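Residues per chain are reported as follows:
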Amino acid sequence: MAKCLVSLLISSIAFSPDGQWLAVALLDNMASIQLHNLQTNEVKLFQARKDGTQHLDNINNRVVLFSSDSRFVQLYTNRNGICLRWDINSGLEQQNLVL
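Worth saying up front: this structure is predicted, and the values here are computed from it rather than measured. (Residues numbered from 1 in each chain as written. Predicted model: local features only at pLDDT ≥ 70, side-chain atom pairs only at ≥ 80, totals over all residues. Heavy atoms only, no water.)

Student: I'm lost on the overall build of the protein chain in this one. Help?
Tutor: When its secondary structure is counted, the protein chain shows 0 helices and 8 strands. Listed by position from the N terminus, the elements making up the protein chain come as β-β-β-β-β-β-β-β. For the protein chain, the residues scored as buried account for 42% of the 99 residues in total. Put simply, 37% of the contacts in the protein chain that link residues at least 6 apart link residues at least 24 apart. In the form shown here, the protein chain has an accessible surface area of approximately 5800 Å², with 51% of it arising from carbon and sulfur atoms. (Helix = DSSP H or I, 4+ residues; strand = E, 2+ residues; numbered from the N terminus. Buried < 20%, exposed > 50% of the residue type's maximum accessible area, 1.4 Å probe, protein only. Contact = heavy atoms within 4.5 Å. Areas by Shrake-Rupley, 256 points an atom, 1.4 Å probe, with all protein chains shown as cover.)

Student: Got a minute to help me understand the pairing of strand β5 (residues 62–66) in this structure?
Tutor: Regular strands show a simple pattern: their side chains alternate between the two faces of the sheet. Residues R62, V64 and F66 line the buried face of β5, whereas the alternating positions V63 and L65 sit on a face that is not buried. As judged from the 5 bridges shared by β5 and strand β6 (residues 72–77), these two strands associate in the antiparallel manner. Counterpart to R62 in the pairing with β6 is T77. What sits between β5 and β6 in their antiparallel hairpin is a turn of 5 residues, with S70 showing a positive phi close to 65°. (Pairing = 2+ DSSP bridges.)

Student: What is the right way to look at the nonpolar core in this model?
Tutor: Buried together is how nonpolar side chains tend to be arranged in soluble globular proteins. I33, L35, V64, F66, V73 and L75 are the most contacted members of the largest nonpolar core, which totals 17 residues. When contributions to this core are tallied by element, the ones reaching two or more residues are β2 (21–26), β3 (33–37), β5, β6 and β7 (82–87). Aside from chain neighbours lying at most four places away, what touches I33 is A23, V24, K44, L45, F46, V64, V73, Q74, L75 and W86. (Core = buried A, V, L, I, M, F, W, Y, C linked by side-chain atoms within 4.5 Å.)

Student: Explain unusual backbone geometry here, please?
Tutor: Across the chain, the bulk of peptide bonds are trans and the bulk of non-glycine residues have phi less than zero. Residues other than glycine seldom take positive phi values, yet N41 does so here, at roughly 70°. Its place among the elements puts N41 in the loop between β3 and β4 (43–46). In this model, S70 sits at a positive phi of 65°, which is unusual for a non-glycine residue. Counting through the fold element by element, S70 comes out in the loop between β5 and β6. A relative accessible area of 8% places S70 in the buried class.

Student: What exactly am I supposed to notice about the sheet that holds β4 here?
Tutor: Each strand in a sheet pairs with its neighbour through backbone hydrogen bonds, running either in the same direction (parallel) or in the opposite one (antiparallel). In spatial order, the strands read β1-β2-β3-β4; together these 4 strands make up an open sheet with antiparallel pairing. Across the chains shown, the open sheet's two edge strands, defined by having one partner strand only, are β1 (10–15) and β4. Neighbour-to-neighbour, the strand axes of the sheet open up by a mean angle of 20°, direction not taken into account. When β3 meets β4, the two strands line up antiparallel, connected through 4 bridges. Note on β4: the bridge partner recorded for Q34 is L45. (Axes fitted to C-alpha atoms, helices over the stretch in contact; angles between N-to-C directions.)

Rendered as structure tokens:
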């Protein structure tokens, strides 16, 4: 049986191009993404770094998406035009973009 950690409000969902992952963008103050491996039922949680450079509280709209090669998951926020990006395999947050 698959684990399900979703207990907060959901902003958006996306399937990876390779069909292996389901990403769920949560409406929380941590800019969180739950990543569900649809083959193994593994669940990963990605959150923005707490380095004081980002203020993400009370962002109403977030869009989650994948890179075309399914290696990265990204979270776009509407407030500051910030796009957060994580490497799916390592879980490391990559350089953030401001759009």
